[in-house]
Amino acid sequence: MPLYSLSQSLQSQHRSGLLRYSSAITAASLLFSGSYAAAQETDPDLEEIVIGALRLPTPISETGTAVSIITADTIDDLGVDFVLDALTLAPGVTINQNGAFGGLASVRIRGASSEQTLVLVDGIAVNDPTSPGGGFNFARLDTENVARIEILRGPQSTLWGTDAIGGVVSITTKGPQDGLSGNAFIEGGSFGTFRGGLSGSVANDIGDLRLAATGITSNGISKADEINGNTEDDAFDSGTLSANGGLNLPADIRLAGSILYNRADAEFDSFSGGAQGSVADGDELSETEEIAANVSLLVPLFDGRFENLFLVGYSTIDRRNLSDGVESFAADGERLILRYQGSFALSDMQRLLFGYERDRTEAGDDDTAINGFFGVYELQPIDSITLSAGVRHDDHERFGGETTFRAAAAFQVTDQINLRGSYGEGFKAPTLFQTTFFCCGATAPNADLLPERSKGFDVGVDYTLPDGLGGLSATYFNQNITDQIDFSFAVGGYLNVDEVDTQGLELAGELKPSERLQFNFNYTLIDAKEGDGSERLRVPRRSGTISATVRPIEKLSTTIIARYNGDELDRGGIVEEWFRVDLSGQYQINDKVEAFARVENLFDEQYQQILGYGTPGLSGYIGVRLRL
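Residues numbered from 1 in each chain as written. Predicted model: local features only at pLDDT ≥ 70, side-chain atom pairs only at ≥ 80, totals over all residues. Heavy atoms only, no water.

1. Looking at a nonpolar patch on the surface
- The grouping of Ile206, Leu247, Leu249, Leu255 and Val295 at the surface amounts to a nonpolar patch, some 420 Å² of accessible area in total.
- On the basis of relative accessibility, which here comes to 35%, the residue Leu255 falls in the partly exposed class. (Patch = residues over 30% accessible without salt bridge, like charges linked within 9 Å, V, L, I, M, F, W, Y side chains within 5 Å. Areas by Shrake-Rupley, 256 points an atom, 1.4 Å probe, with all protein chains shown as cover. Salt bridge = Lys/Arg side-chain N within 4 Å of Asp/Glu carboxyl O. Buried < 20%, exposed > 50% of the residue type's maximum accessible area, 1.4 Å probe, protein only.)

Here is the structure:
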């Protein structure tokens, strides 16, 4: 949901202390137990609340932060299968994938590297501890279990610690709905692709539970682009299981938990010595198994004014690559998070957030840990102004202490105009791989490796059109990253050698001429440069999307979306600009049965996201969904 779309009535409601306290209890439990869907049934206004930005439930207009929210309804309108594709709706976000159907997929925010994007699932960090840079592969994350995605742009380490240099992608999974309910779907289409799933949930005053299973199988396309003579299809198979729920205990105490499991096999192609991205047909297979889970206990005191959240989170990944049927790579890692978070409403105008986290990471036989303490103070001196400031200190077992600061302000000038601004700092500790790997004649890893650091600010304005016709949003940002880590063959290891400066403009808009017609757009202009003045790799200077949703009759909805990605520099050459159009639609046959279809790459555009890797041409999918 766009930044500007917060209704004025909701803003005034949340300035009352009572609703603040009750919303805080609900929202905190939603963040960590994944039970957003259940609350959505009873309180649709929760769509307007940002949870991740300040780790407190806050109306968008009061955060002072550049945030984008993508809901399950928006995902349904687009018909996309993977979170990666949904993220293109957010300004400032760049996606890259090494070929469709399971190819390595990364997300950059405001020109920072993909490894500097922190990814959370139900509040738990799921970045891969076994990868060299500690990034997250979005290729396997299905949208079917996703209730909500929040994208926080800019440095966020004050609240989220390491890895959040460029920003945060926070994903909340679907939770149980009131009563007894179920859902099943199946779809099929181009490239021998079949996808399906089922879910069931139950909820009452005692507690709630949701179970779900989804899967996809596809013959795929050649990861190495067919235009370069590569003809071998690379298959993809993925299955996901999820469960979440909780118990409602006396005194409004809630015990909750969630687990998300994925198993995937993805064929990919080999590196070659030639041009065109140095990739060609080959017999390569990646096998991956992932788990993200948490258990939390929410204890409200003093009529909800003082909340206490205790959480244990765990994520693990097991990766194995085979080349011509022989194992060529294997790695396993895990991450254990212990968290306490307290929030206290000092008055109707003041809130205090504080907490402690221990983040232990393990990859193979090596491990390390960070202990972090954080605090945030929020003040609303008058109804139209919200100020917040926070500080965090992290103590890393190998690199010592790191302190980061963040401040934000929001000013509701009129009923239609909201001004906002924020400043933040970030850091990213070197990964276990970076601190232990050496080669090429070196006798030991670099013992002087330092954490990466960032600082940045943004200022923005949100304008709400009268009579609910939509709104516009504009944000200017500026960010600097120092001590960036890179690999050097000359020294046979990792060094702090790079500096990155980015600045740019993010635009977003929504127009609702009528109840049956809606337009959305976003546009990003990024100037991203390395310390030597050279252009940043894989960051287009211009990118954007525009969509139109039409509901000619109550039972029918259609959406057309056009995506543009400008020229970008890649290793070995330039990836040319591309423009792609997709079309999707849903028809409600009756109260329980819905048919849906989509056409991707409507005009059969030939393009690449990464040099040498292909993308699907004109393709189509059709399916049916049953709701019980």
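2. Let's talk about the sheet that holds strand S6 (residues 117–121)
- The strand order across the open sheet built from five strands is S3-S8-S9-S6-S7, with neighbouring strands paired in mixed fashion. For this open sheet the edge positions go to strand S3 (67–71) and strand S7 (124–125), each flanked by a neighbour on one side alone.
- Two strands pair when backbone bridges link them, and S6 and strand S9 (residues 167–173) are joined in this way by five bridges, in the parallel orientation. By the bridge assignment for S9, Leu118 is matched with Val168. (Pairing = 2+ DSSP bridges. Helix = DSSP H or I, 4+ residues; strand = E, 2+ residues; numbered from the N terminus.)

3. What about the environment of Ile526?
- By the element assignment, Ile526 lies in strand S26 (residues 517–530).
- Judged by relative accessible area, which is 5%, Ile526 ranks as buried.
- Residues Ile526 and Gly493, spaced 33 residues apart in sequence, show a C-alpha to C-alpha distance of 31 Å.
- Dropping the residues within four chain positions of it, Ile526 is found in contact with Arg110, Gly111, Phe477, Gln503, Gly504, Val539, Pro540 and Arg541. (Contact = heavy atoms within 4.5 Å.)

4. Focus on the side chain of Thr524
- Residue placement: Thr524 occurs in strand S26.
- Engagement of the side chain of Thr524 in a polar contact is seen with the backbone nitrogen of Gly92, the distance being 2.7 Å.
- If near-sequence neighbours (up to four positions away) are discounted, Thr524 is found in contact with Pro91, Gly92, Leu505, Glu506, Arg541, Arg542 and Ser543. (Polar contact = N/O pair within 3.5 Å; in protein donor to acceptor, adjacent residues only side chain to side chain.)

5. Concerning the packing of aromatic side chains
- Across all of its chains, the model carries 16 aromatic pairs by this definition.
- With a centroid separation of 5.0 Å and an interplanar angle of 45 degrees, the aromatic rings of Tyr356 and Phe373 are classed as tilted. Of the two residues, Tyr356 sits in strand S18 (residues 350–363) while Phe373 sits in strand S19 (residues 366–382), which places them 17 residues apart along the sequence.
- Look at Tyr356 and you get partly exposed, because its relative accessible area is 28%.
- Considering the side-chain rings of Phe437 and Phe487, the 6.1 Å spacing of their centres and the 50 degrees angle between planes classify their relative orientation as tilted. With a gap of 50 residues between them, Phe437 in the loop between helix H8 (432–436) and strand S23 (452–464) and Phe487 in strand S24 (residues 470–488) connect regions that are remote in the sequence. (Phe/Tyr/Trp six-rings, centres within 6.5 Å; stacked < 30°, edge-to-face > 60°.)

6. Structural notes on the pattern of salt bridges
- Inspection of every chain in the model, using the stated rule, returns 42 salt bridges.
- Here Lys428 ties to Asp163 by a salt bridge, and the two come within 3.0 Å at their closest N and O atoms. Placement of Lys428 in strand S22 (residues 417–428) and of Asp163 in the loop between helix H7 (157–160) and S9 is noted, with a sequence separation of 265 residues between them.
- Given the relative accessible area of 3%, Lys428 is considered buried.
- The shortest N-O distance in the salt bridge between Asp483 and Arg453 comes to 3.2 Å. On the criterion of sequence distance, the pair formed by Asp483 in strand S24 and Arg453 in strand S23 is long-range, its members being 30 residues apart.
- On the accessibility criterion, Asp483 (26% relative accessible area) is partly exposed.

7. Overview of the confidence of the model for the protein chain
- On average, the protein chain scores 90 in pLDDT, and the residues at 70 or more come to 91%.
- Counting contacts from residues 1–47, a segment whose pLDDT is below 50, to residues more than four positions away or on other chains yields 133 contacts. (pLDDT = per-residue confidence, 0-100.)

8. Side note on the nonpolar core
- Leu87, Phe138, Ile149 and Ile151 are the most contacted members of the largest nonpolar core, which has 30 residues in total.
- For this core, the secondary-structure elements that each account for two or more residues are helix H5 (72–78), helix H6 (83–86), strand S4 (93–97), strand S5 (105–109), S6, strand S8 (146–153) and S9.
- With near-sequence residues (within four places) excluded, Ile149 lies in contact with Ser68, Ile69, Ile70, Ile75, Val83, Ala86, Leu87, Val169, Ser170 and Ile171.
- Ranked by size, the runner-up nonpolar core spans 15 residues in total, among them Leu56, Ala125, Leu152 and Leu311. (Core = buried A, V, L, I, M, F, W, Y, C linked by side-chain atoms within 4.5 Å.)

9. Examining unusual backbone geometry
- At Asp467, a position not held by glycine, the phi torsion is positive, near 60 degrees.
- Considering the arrangement of structural elements, one finds Asp467 in the loop between S23 and S24.
- Residue classification places Asp467 among the exposed residues on the basis of a relative accessible area of 75%.

10. Thoughts on a negative patch on the surface
- A contiguous patch of negative charge on the surface is contributed by Glu226, Glu232, Asp233, Asp283 and Asp324.
- Mapped onto the secondary structure, Asp324 falls in the loop between strand S16 (306–323) and strand S17 (326–347).
- The class of Asp324 is exposed, set by a relative accessible area of 59%. (Lys, Arg positive; Asp, Glu negative; His and termini not counted. Charge placed at Lys NZ, Arg CZ, Asp CG, Glu CD.)

11. Considerations on the pairing of S4
- Of all five residues that make up S4, five are buried, and the element is covered over most of its length.
- With burial as the criterion, each face of S4 is covered, one bearing Val93, Ile95 and Gln97 and the other bearing Thr94 and Asn96.
- As paired elements, S4 and S5 share five bridges and run antiparallel to each other. Following the sheet pairing, Ile95 is matched in S5 by Val107.

12. A word on the environment of Glu600
- By secondary structure assignment, the location of Glu600 is in strand S32 (residues 593–600).
- Look at Glu600 and you get buried, because its relative accessible area is 17%.
- Separated by 405 residues in the primary sequence, Glu600 and Arg195 have C-alpha atoms spaced 16 Å apart.
- Beyond its immediate chain neighbours, meaning those up to four positions away, Glu600 contacts Arg580, Val581, Asp582, Gly617, Leu618, Ser619 and Tyr621.
- Here the side chain of Glu600 touches Arg598 through a polar contact of 2.9 Å, side chain to side chain.

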